[in-house]
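Close look at the chain arrangement
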Amino acid sequence: MTLLDRTEAAPAHPARLILILSLAPTVGLGIGRFAYSLLLPDMRDSLGWSYSAAGFMNTINAAGYLAGALVTSRLVARFGMAAIVRVGTLACVASLVLCAISGNFALLSAARLIAGIGAALAFVAGGALATTIAQAQPARSAFLLSLFYAGPGIGILSSGLIAPFLLQAAGPGSWWLGWLVLAALSAAMALPVLLAPIGVDAGLGGGRAAPFRIAPVLIYLAGYFMFGAGYIAYMTFMIAYVRDAGGGAAAQSAFWCLIGISAFVTPWVWRRVMALHRGGLSTTIILAVNAVGAVLPLFSLSPVMLATSALVFGVSFFAVVASTTAFVRFNYPQASWPGAIAAMTIAFGIGQTLGPLVVGAITDAIGSLSSALAVSAATLALGAALSAFQRPLQRSN
């Protein structure tokens, strides 16, 4: 008997329900975290930040994400997954409004912290809920689960279509207006999450959670940590890299939108790879492709190379997270999913907390954004190598 058998009938339209759920990471990650990269160059110029200060804003966001991941399982056990998804999404919208209010470093840091906490609540609880819904159709579960992780791509695409042209039209120092417009967009996207009947998890929060042991997946957690540390450098500084290379609003928008668009083909590109192996092989393959995408701009800044980098990085970036959740689904009973996903998210969160600060400091010391890309690609490659050593677990249902 599955969890859905014990609670409610399987939802009639699981794909539609998971797509609605995907709006939570659309707001929390696609806009709440990643749109910062689009506004960063103007914020850095207007507010006089160093690269270390710029990196700190994503570090504090990632620290909030880590803190949220640490408490999500307990909050889910008490309030249920649907409620936590909604609260987290609302927190992300509020944080975007705060970002538009002032250029004060402390206030902006607090807003980024709130965004991180909210994103973790929505992502961990939403991921577990999407996994539960997807499991109701085992033959399509990998595909259905991938739909949830395409959510951030919607936020990246929409912010990429708006922010660069808004900044160009409004002129230098208009970063706050970008945050305000993105806050309004996020509020509209949050409405379906708040109104849709996503509460199919009545029994998961109330049952006794199965124990989660770190030792059997320590090497996988280390690889996922490297992914967290490596991807964030690329996503934080690449728009600044494109701008410094002479790319205007159109070039920045095109680059960012290509990353977002790639999310929509992720379920089809990686569907069979994610079902290939219960161990770390699938994640290794996807992470290796991610590293290739990150390193390409070091060879050339031509429009073709930048477009290829964005597409290769984007299509694999979203798939790494999906493959990790698939790993949890293949190797753990349903009662362990929230705890296991939280553990993966914590490892990822520690990595992305350290990544922006370290890479920002390296960039300040060397004086070139190329170093950020080199460190990003090398870290991702190391994560791929570590994941290869993860073997399937002996699952007890």
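The structure displayed is predicted, hence computed values, not measured ones.

1. A short note on the overall build of the protein chain
- Scanning the protein chain for helices and strands turns up 16 helices and zero strands.
- Taken over C-alpha atoms, the radius of gyration comes to 20 Å for the protein chain, in line with the 21 Å a tight globule of 397 residues would show.
- Once the C-alpha set of the protein chain is aligned to its principal axes, its extents read approximately 60 × 40 × 30 Å.
- Residue burial in the protein chain is summarised as follows: out of 397 residues, 59% are buried.
- Nonlocal contacts in the protein chain, meaning residues at least 24 apart in sequence, comprise 84% of its contacts between residues at least 6 apart.

2. Re the packing of aromatic side chains
- Evaluation of the coordinates by the stated rule reveals 20 aromatic pairs.
- Note on Tyr51 and Phe237: the rings are 6.0 Å apart at their centroids and 75 degrees apart in plane angle, and the pair reads as edge-to-face. One end of the pair, Tyr51, is in helix 5 (residues 51-79); the other, Phe237, is in helix 11 (residues 218-244), and 186 residues separate them in sequence. Residues Tyr51 and Phe237 agree in their burial class; the two are buried.
- Plain terms: the ring middles of Phe227 and Phe348 are 5.6 Å apart, the flat faces sit at 35 degrees to each other, and that makes the pair tilted. Residue Phe227 is found in helix 11, and its partner Phe348 is found in helix 15 (residues 337-366); the two are separated by 121 residues along the sequence.
- Of the residues examined, Phe227 reaches a relative accessible area of 0% and is grouped as buried.
- You can call Phe348 buried: its relative accessible area is 6%.
- Taking NZ or CZ as reference, Arg33 lies 4.6 Å from the ring centre of Tyr65, over its face.
- Geometry around Tyr51 places Arg44 over its ring, the cationic atom sitting 3.7 Å from the centre.

3. Thoughts on the environment of Ala377
- By the secondary structure assignment, Ala377 is in helix 16 (residues 370-387).
- The exposure class of Ala377 is buried, given its relative accessible area of 8%.
- Taking the C-alpha atoms as reference points, Ala377 and Leu191, 186 residues apart in sequence, are found 37 Å from one another.
- Excluding anything up to four places from it in sequence, Ala377 contacts Ala291, Ala294 and Val295.

4. Some details on a nonpolar patch on the surface
- A surface patch of nonpolar side chains, amounting to about 300 Å² of accessible area, comprises Ile261, Phe264, Val265 and Val269.
- Secondary-structure assignment places Val265 in helix 12 (residues 249-274).
- According to the relative accessible area criterion, Val265 is partly exposed, its value standing at 39%.

5. Focus: the environment of Ser300
- Mapping Ser300 onto the fold places it in the loop between helix 13 (281-295) and helix 14 (303-331).
- C-alpha of Ser300 to C-alpha of Tyr220: the two residues are 80 residues apart in sequence and 33 Å apart in space.
- A polar contact is formed between the side chain of Ser300 and the backbone nitrogen of Ser302, at a distance of 3.1 Å.

6. Quick notes on the pattern of salt bridges
- Using the criterion set out here, one finds two salt bridges in the structure.
- The partner of Arg243 in a salt bridge is Asp244, and the shortest N-O contact between them spans 3.9 Å.
- The partly exposed category is assigned to Asp244, whose relative accessible area is 48%.
- The network of salt bridges with common partners includes Asp45, Arg243 and Asp244.

7. Topic: the nonpolar core
- Core analysis: the biggest nonpolar cluster contains 118 residues, and Phe227, Tyr231, Met235 and Phe255 have the highest contact counts within it.
- Top contributing element to this core by residue count: helix 11, with 15 residues.
- Setting aside residues no more than four positions away along its own chain, Phe255 makes contact with Tyr234, Met238, Ile239, Val242, Leu306 and Ala310.

8. Remarks on the packing of helix 3 (residues 23-31) against helix 10 (residues 175-195)
- Axis separation between helix 3 and helix 10 bottoms out at 8 Å; the angle between their running directions is 160 degrees. If you check the angle between helix 3 and helix 10, you find them roughly antiparallel. You can see that helix 3 and helix 10 cross each other, and the crossing is left-handed. Two secondary-structure elements touch here, helix 3 through Leu23, Ala24, Thr26, Val27 and Ile31 and helix 10 through Leu182, Leu185, Ser186, Met189, Ala190, Pro192 and Val193.

9. Looking at the confidence of the model for the protein chain
- Scored by pLDDT, the protein chain has a mean of 85; 91% of the residues are at 70 or more.
- In this model, residues 1-9 is a region of pLDDT below 50 whose contacts with residues beyond four sequence positions or in other chains number 17 contacts.
- In the model, residues 201-207 has pLDDT below 50 throughout and makes 15 contacts with residues more than four positions away in sequence or in other chains.

What counts, and where the lines are drawn
Residues numbered from 1 in each chain as written. Predicted model: local features only at pLDDT ≥ 70, side-chain atom pairs only at ≥ 80, totals over all residues. Heavy atoms only, no water. Helix = DSSP H or I, 4+ residues; strand = E, 2+ residues; numbered from the N terminus. Rg over C-alpha atoms; globule rule 2.2 N^0.38 Å. Buried < 20%, exposed > 50% of the residue type's maximum accessible area, 1.4 Å probe, protein only. Contact = heavy atoms within 4.5 Å. Phe/Tyr/Trp six-rings, centres within 6.5 Å; stacked < 30°, edge-to-face > 60°. Lys NZ or Arg CZ within 6 Å of the ring centre and 35° of its normal. Patch = residues over 30% accessible without salt bridge, like charges linked within 9 Å, V, L, I, M, F, W, Y side chains within 5 Å. Areas by Shrake-Rupley, 256 points an atom, 1.4 Å probe, with all protein chains shown as cover. Salt bridge = Lys/Arg side-chain N within 4 Å of Asp/Glu carboxyl O. Polar contact = N/O pair within 3.5 Å; in protein donor to acceptor, adjacent residues only side chain to side chain. Core = buried A, V, L, I, M, F, W, Y, C linked by side-chain atoms within 4.5 Å. Axes fitted to C-alpha atoms, helices over the stretch in contact; angles between N-to-C directions. Parallel < 35°, antiparallel > 145°, perpendicular 65-115°, else oblique. Left-handed = near helix turned anticlockwise from the far one by under 90°. pLDDT = per-residue confidence, 0-100.

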